[in-house]
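# Structure assessment
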Amino acid sequence: MNARLSFASHGSTLTVATAALATVIALGILWGVAVLFQSKGAPMERLVAAEHACARYIYLSERQACMNEWLAASQPRIVALEASSTSTSPTKQ
């Protein structure tokens, strides 16, 4: 009985191609996990900073209110510019 695998007769080309494909898939999964941790890490960093800023409060309700205020104050603000067609200047009447 022949114990060789069926793709072994094709030589090492198929083995190298399979290893390369497995490497690409593994790197893709690793990159995806790294991106998820990177994007989820920023909110956790702000939350930890808020916990440290509000550590002086003994009661949980006061601490949570402080953290909510701190997080709201540290929220990045995006200000939209007013369109020039809708703005009125003092010279235009």
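Everything here concerns the structure above.
In this text the structure is predicted, and so the values were computed from the model without any measurement.

Definitions and cut-offs
Think of each chain on its own: its residues are numbered from 1, step by step along the sequence as written. pLDDT decides what is reported in this predicted model: residues at 70 or higher carry local features, side-chain atom pairs at 80 or more are listed and counted, and totals for whole chains, interfaces and linings draw on all residues regardless. The basis for every side-chain value is the complete set of heavy atoms in the structure, and neither hydrogens nor water enter the calculation. Per the convention used, a helix needs a DSSP run of H or I reaching at least four residues, while a strand needs a run of E reaching at least two, with both numbered from the N terminus. Classification of residues uses two cut-offs on accessible area relative to the type maximum, computed with a 1.4 Å probe and protein chains only: under 20% is buried, over 50% is exposed, and between them is partly exposed. Where accessible areas are quoted, they stem from the Shrake-Rupley method and a 1.4 Å probe; at the residue level, only the protein chains shown are allowed to cover. Like-charged residues are merged into a patch within 9 Å and nonpolar side chains (Val, Leu, Ile, Met, Phe, Trp, Tyr) within 5 Å, provided each residue has over 30% relative accessible area and no salt bridge. By definition here, a salt bridge exists when the distance from a side-chain nitrogen of Lys or Arg to a carboxyl oxygen of Asp or Glu is within 4 Å. We define a polar contact as two N or O atoms separated by no more than 3.5 Å, with the added condition that, inside protein, one atom must be a possible hydrogen donor and the other a possible acceptor, whereas residues neighbouring each other in sequence contribute only through side-chain atom pairs.

Here we take up the overall build of the protein chain. On a plain count of helices and strands, the protein chain comes out with 2 helices and 0 strands. A burial count over the protein chain gives 4% of its 93 residues as buried. A total of about 8500 Å² of accessible surface is found on the protein chain, and carbon and sulfur atoms cover 66% of it.

Glancing now at a nonpolar patch on the surface. On the surface, a nonpolar cluster with roughly 530 Å² of combined accessible area is contributed by Leu21, Ile25, Ile29, Val33 and Phe37. Within the element layout of this structure, Ile29 appears in helix 1 (residues 12–53). Given a relative accessible area of 55%, Ile29 falls into the exposed group.

Once that is clear, we can look at the environment of Ser74. Locating Ser74 in the fold gives a position in helix 2 (residues 60–74). By relative accessible area, Ser74 is classed as partly exposed at 29%. In this structure the C-alpha to C-alpha distance between Ser74 and Arg46, which are 28 residues apart in sequence, comes to 8.1 Å. There is a polar contact of 3.2 Å between the side chain of Ser74 and the backbone oxygen of Leu71.

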